[in-house]
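# Chains, contacts and geometry: an overview
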Amino acid sequence: MSNQIPLFVDDYHDAVRHAVEAMGGFKRIGHDMKPDMTVEAAGRWLADCCNPDKREKLSLSELAYIRKAARQAGVHVLAAYEAQAAGYAEPQPINPEDEAAQLQREFIASVKALEALQARMARTHA
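This section reports on the structure supplied with the text. These figures come from a predicted structure and were not determined experimentally.

Moving on, we come to the packing of aromatic side chains. By the definition in use, this model includes 1 aromatic pair. Look at Tyr12 and Tyr81: their rings are 5.8 Å apart centre to centre, the planes differ by 70°, and that puts the pair in the edge-to-face class. Taken as a pair, Tyr12 in helix α1 (residues 12-22) and Tyr81 in helix α5 (residues 77-86) lie far apart in primary sequence, 69 residues in all. Owing to a relative accessible area of 31%, Tyr12 belongs among the partly exposed residues under this scheme.

Turning to the side chain of Glu62, a few remarks are in order. Mapped onto the elements of the fold, Glu62 is located in helix α4 (residues 60-72). For Glu62, a relative accessible area of 16% corresponds to the buried category. One polar contact links the side chain of Glu62 to the main-chain amide nitrogen of Ser59, over a distance of 2.8 Å.

Okay, the nonpolar core next. Grouped together as the largest cluster of nonpolar side chains are 21 residues, with contacts concentrated most on Val16, Val20, Met23, Leu46, Ile66 and Leu78. Elements that contribute at least two residues to this core include exactly α1, α2 (26-33), α3 (39-49), α4 and α5. Ignoring any residue separated from it by four or fewer positions in sequence, one finds Val20 in contact with Gly25, Phe26, Ile29, Leu46 and Ile66.

Moving on, we come to the layout of surface pockets. Roughly 440 Å³ of volume is contained in the largest pocket. Along its surface, the largest pocket is lined by 20 residues, and His76, Ala79, Ala80, Tyr81 and Glu90 are the ones closest to its centre. Listed by contribution, the elements that provide at least two residues to the lining of the largest pocket are α4 and α5. Ranked by residue count, the leading element in the lining of the largest pocket is α5, at 6 residues. For the lining of the largest pocket, the class distribution of residues is 15 nonpolar, 2 polar and 3 charged.

Time to look at a nonpolar patch on the surface. Residues Phe107, Ile108 and Val111 make up a contiguous nonpolar surface patch of about 270 Å² in total accessible area. Tracing the backbone shows Val111 in helix α6 (residues 96-125).

Scoring rules and cut-offs
Residues numbered from 1 in each chain as written. Predicted model: local features only at pLDDT ≥ 70, side-chain atom pairs only at ≥ 80, totals over all residues. Heavy atoms only, no water. Phe/Tyr/Trp six-rings, centres within 6.5 Å; stacked < 30°, edge-to-face > 60°. Helix = DSSP H or I, 4+ residues; strand = E, 2+ residues; numbered from the N terminus. Buried < 20%, exposed > 50% of the residue type's maximum accessible area, 1.4 Å probe, protein only. Polar contact = N/O pair within 3.5 Å; in protein donor to acceptor, adjacent residues only side chain to side chain. Core = buried A, V, L, I, M, F, W, Y, C linked by side-chain atoms within 4.5 Å. Contact = heavy atoms within 4.5 Å. 1 Å grid on protein atoms, 1.4 Å probe; cavity = no way out; pocket = protein on both sides within 12 Å on 5 of 7 lines; lining within 4 Å. Points joined across faces, edges and corners; volume = space filled by probe spheres on them. Nonpolar A, V, L, I, M, F, W, Y, C, P; charged D, E, K, R; others polar. Patch = residues over 30% accessible without salt bridge, like charges linked within 9 Å, V, L, I, M, F, W, Y side chains within 5 Å. Areas by Shrake-Rupley, 256 points an atom, 1.4 Å probe, with all protein chains shown as cover. Salt bridge = Lys/Arg side-chain N within 4 Å of Asp/Glu carboxyl O.

This is the structure:
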C-alpha cells in the first residue's frame, strides 16, 4: 500500500487505516495504544480493528486517541472524512501559535471590558 494519503476514502475504516499508516503503521500506533502487548500483537489488534469483517473494534477513547495523534502528526484524513460524512465543511487545523495569540487577544478584551464595567459601577456609586 502506498504511503500517500488519498483525498477521498470509502468508509470510516479506510479513514482510520490511512491515518494509522501515515503515522507509522499498525505496529507502531498499536503498540503506542497497547504497550502491554508485543509490537506484533498490538499491530495485529489494530489492523483487526480497522477491518470491518473482524470482531475487534476501537472504543471511543481509542478512536479519539488516533484522531488526536493524527492531528499532531499533521494527518487530517480521519477528521476530513468525519466532517464530510456528517455534512460539515472541511476541517481547518488550528495552528497552536495562532490559537495562543487569539486567546491572548480575548483575554485583553475581557480585561478591558471588566475595567469599563468597574468604571461604570464606580460612577453610579459616587
